[in-house]
Amino acid sequence: MTTVPIYRAPMRARDLDVPPGAGADYGLAHGVVGIGPGRGEKAARIVRRFAALPDGIFVWTRDRAGRFHLGRLAGEMSETDSADARAVGITHVRPAEWHGRSFGETEVPAAVSRTFARGGRNLQRTHDADAEIFTARLWRGG
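Below is a summary of the structure that appears in this document. A quick note: this is a predicted structure, and the numbers were derived from the prediction, not measured. (Residues numbered from 1 in each chain as written. Predicted model: local features only at pLDDT ≥ 70, side-chain atom pairs only at ≥ 80, totals over all residues. Heavy atoms only, no water.)

## As for the pairing of strand β6 (residues 92–98)
No. 1: The element β6 is extensively covered by neighbouring structure, given that 5 of its 7 residues are classed as buried.
No. 2: Pairing geometry for strand β2 (residues 32–35) and β6, over 4 bridges, is antiparallel. Note on β6: the bridge partner recorded for Ile35 is His92.
No. 3: As defined by bridge partners, strand β4 (residues 68–73) adjoins β6 across 3 bridges and the pair is classed as antiparallel. Note on β6: the bridge partner recorded for Arg72 is Glu97.
No. 4: Pairing of strand β5 (residues 78–79) with β6 involves 2 bridges; the strand directions are antiparallel. Within the sheet, the bridge partner assigned to Ser78 lies in β6 and is Val93. (Buried < 20%, exposed > 50% of the residue type's maximum accessible area, 1.4 Å probe, protein only. Helix = DSSP H or I, 4+ residues; strand = E, 2+ residues; numbered from the N terminus. Pairing = 2+ DSSP bridges.)

## Considering unusual backbone geometry
No. 1: Located in the positive-phi region is Met11, a residue other than glycine, with phi close to 50°.
No. 2: Checked against the element boundaries, Met11 lands in the loop between β1 (6–8) and α1 (22–30).

The following block contains the structure:
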């Protein structure tokens, strides 16, 4: 069975001290997945990788209330300079389709929950075949 990759998308800028979930709340409200600009060559590589991800991959994010949200990339990357985006440090964005409901910790694949429990601010692939299958089922409403 071919599965669709899943990514953790905390949407947390490295250079701003904003509450966890603030970037996710922005992304959910604006129909995007985003990352911060960063500095230097490493940040430039991260932005290039983000831009190169294929449409249709799944992303998981977590809002300020701790609820999980499932989305799919749905378009090319662009830069935004809006005050709201700058306030949460999410300036490189991709359109996303978000699932119609949020999920509690016990409803998401265990591998997804673990990636968020470890913390971190990077968009990162979750390498777990069972989580990919379970995520696709959730997306389809199963």
